[in-house]
Amino acid sequence: MNSPYGSILVVEDVPNIRDLLEVTLSFKGYPVRTAVNGQDALKKIAEERPALIISDIMMPIMDGFGLAQRIRSDPELKGIPLILISATYVSPDDKKFARRLGAVRFLEKPVDTDEFLLTVAEILTQGPPELPEPIADIEFYRGYKDRLEHKLRQKNRQIARTEGLLRKLREEQKPAFQKMLEEELVQRTAIQQELDHLYRILDEHQGNGP
């Protein structure tokens with residue numbers, strides 16, 4: 001389907017959420033392409049420049065923050081408007097960091113369909129976005145490290161609460177919370193792995209001097 005604006009690139013690693021966003025946009029007549037992480041998104045962008053990128057933040061390989069930094073640091077791509085969405089990075093500091101990276105809007109999951117479609121339509125019709133100057137990679141790594149450390153502390157507190165609750169629940173009540181705990185542990189592992197990766201990068205930068 002043709003569009004006066006071009007295609008919309010949806011970047012999301014969770015299949016059912018990715019499919020929902022794609023169907024929602026396609027139903028309104030927007031041509032949609034999808035990617036499963038930031039690295040995949042960069043390949044799709046190289047093949048066809050999108051009119052708008054809608055990206056989740058927490059994804060494997062390259063997440064939404066990393067994708068935003070890569071786009072805004074590239075003179076040929078920095079003008080593409082970017083919406084970041086997340087169920088995890090929703091604190092005021094998270095949103096401030098997203099805006100500093102050049103996200104034109106930030107939406108929390110679960111995404112409200114009407115708000116989502118209004119936001120997309122507004123961005124596509126308002127012309128080129130006013131964007132902050134790209135930040136240096138080292139500033140990005142430090143800011144991202146702070147966000148991840150904060151999320152790891154939050155996740156550890158959440159896991160401790162869930163584990164404490166499991167010890168007090170009746171057996172028939174435990175399965176749902178056990179599943180919740182398993183999901184929280186997976187999320188904590190993902191955060192820790194990304195943090196470890198950032199620590200290595202920052203150590204290399206320090207080793208090379210300012």
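What you see is a predicted model, and the numbers here were worked out from it, not measured in a lab. (Residues numbered from 1 in each chain as written. Predicted model: local features only at pLDDT ≥ 70, side-chain atom pairs only at ≥ 80, totals over all residues. Heavy atoms only, no water.)

1. Let's talk about the overall build of the chain
Here is step 1 of the chain: Of the regular secondary structure elements, the chain holds 7 helices and 5 strands.
Here is step 2 of the chain: Of the regular secondary structure in the chain, the N- to C-terminal order runs β-α-β-α-β-α-β-α-β-α-α-α.
Here is step 3 of the chain: Relative to the 2.2 N^0.38 estimate, which gives 17 Å for 210 residues, the radius of gyration of the chain is 19 Å and therefore close to what a compact globule would have.
Here is step 4 of the chain: A buried classification covers 42% of the 210 residues belonging to the chain. (Helix = DSSP H or I, 4+ residues; strand = E, 2+ residues; numbered from the N terminus. Rg over C-alpha atoms; globule rule 2.2 N^0.38 Å. Buried < 20%, exposed > 50% of the residue type's maximum accessible area, 1.4 Å probe, protein only.)

2. Some words on the packing of aromatic side chains
Here is step 1 of the chain: A full pass over the atoms with the stated rule returns 6 aromatic pairs.
Here is step 2 of the chain: With 5.1 Å between their ring centres and 75° between their planes, F65 and F97 make a pair best called edge-to-face. With a gap of 32 residues between them, F65 in helix α3 (residues 64–72) and F97 in helix α4 (residues 92–100) connect regions that are remote in the sequence.
Here is step 3 of the chain: With a relative accessible area of 0%, F65 lands in the buried category.
Here is step 4 of the chain: Here F140 and Y141 contribute two aromatic rings whose centre-to-centre distance is 5.5 Å and whose plane-to-plane angle is 55°, an arrangement assigned as tilted. (Phe/Tyr/Trp six-rings, centres within 6.5 Å; stacked < 30°, edge-to-face > 60°.)

3. A word on helix α5 (residues 113–125)
Here is step 1 of the chain: Here α5 is 13 residues long and its end C-alpha atoms lie 18 Å apart, about the 18 Å a rise of 1.5 Å per residue gives.
Here is step 2 of the chain: Those residues of α5 lying buried are F116, L117, T119, V120, I123 and L124. Angularly, the buried residues of α5 cover 160° about the axis, an arc narrow enough to put them on a single face. Away from the buried face of α5 by more than 90 degrees, exposed residues D114, L118 and T125 are located.
Here is step 3 of the chain: Where the residues of α5 are buried, they touch β1 (8–11), α1 (15–27), β3 (52–56), β4 (82–86) and β5 (105–108). (Expected span 1.5 Å × (residues − 1). Arc of directions from axis to C-beta. Contact = heavy atoms within 4.5 Å.)

4. A closer look at the environment of K109
Here is step 1 of the chain: Within the secondary structure layout, K109 lies in the loop between β5 and α5.
Here is step 2 of the chain: The class of K109 is buried, set by a relative accessible area of 19%.
Here is step 3 of the chain: In this structure the C-alpha to C-alpha distance between K109 and D56, which are 53 residues apart in sequence, comes to 9.3 Å.
Here is step 4 of the chain: Leave out the neighbours within four places in its chain, and K109 touches E12, I17, D56, I85, S86 and A87.
Here is step 5 of the chain: One polar contact links K109 to E12, side chain to side chain, over a distance of 2.8 Å. (Polar contact = N/O pair within 3.5 Å; in protein donor to acceptor, adjacent residues only side chain to side chain.)

5. Overview of the pairing of β1
Here is step 1 of the chain: On β1, burial covers both faces: I8 and V10 on one face and L9 and V11 on the other are all buried.
Here is step 2 of the chain: Here β1 runs beside strand β2 (residues 32–35); their pairing, made up of 4 bridges, is parallel. Paired with L9 across the two strands is R33, which belongs to β2.
Here is step 3 of the chain: What joins β1 to β2 is α1, and the crossover it makes is right-handed.
Here is step 4 of the chain: Examined bridge by bridge, β1 and β3 share 4 bridges and lie parallel to one another. Its bridge partner being in β3, I8 is matched across the sheet by L52. (Pairing = 2+ DSSP bridges. Right-handed = clockwise from strand over helix to strand, strands pointing away.)

6. Digging into α1
Here is step 1 of the chain: Between its first and last C-alpha atoms α1 spans 18 Å; for 13 residues at 1.5 Å apiece the expected length is 18 Å, and the two agree.
Here is step 2 of the chain: For α1, every residue scored as buried is listed here: R18, L21, T24 and L25. The buried residues of α1 occupy an angular sector of 135° when the element is viewed end-on, so they sit on one face. Residues of α1 that are exposed and point more than 90 degrees away from the buried face comprise N16, L20, V23 and F27.
Here is step 3 of the chain: Contacts from the buried residues of α1 go to β1, β2, β3, β4 and α5.

7. Focus: the sheet that holds β4
Here is step 1 of the chain: The strand order across the open sheet formed by 5 strands is β2-β1-β3-β4-β5, and the pairing between neighbours is parallel. A strand with exactly one partner marks an edge of an open sheet, and here the two such strands are β2 and β5. Neighbouring strand axes in the sheet, compared pairwise and without regard to direction, differ in orientation by 20° on average.
Here is step 2 of the chain: The sheet contacts of α1 involve β1, β2, β3 and β4, and relative to β2 the element is tilted by about 170°.
Here is step 3 of the chain: On the sheet, α3 packs against β1, β3 and β4 and is oriented at approximately 150° with respect to β3. (Axes fitted to C-alpha atoms, helices over the stretch in contact; angles between N-to-C directions.)

These figures come from the coordinates and say nothing about function on their own.
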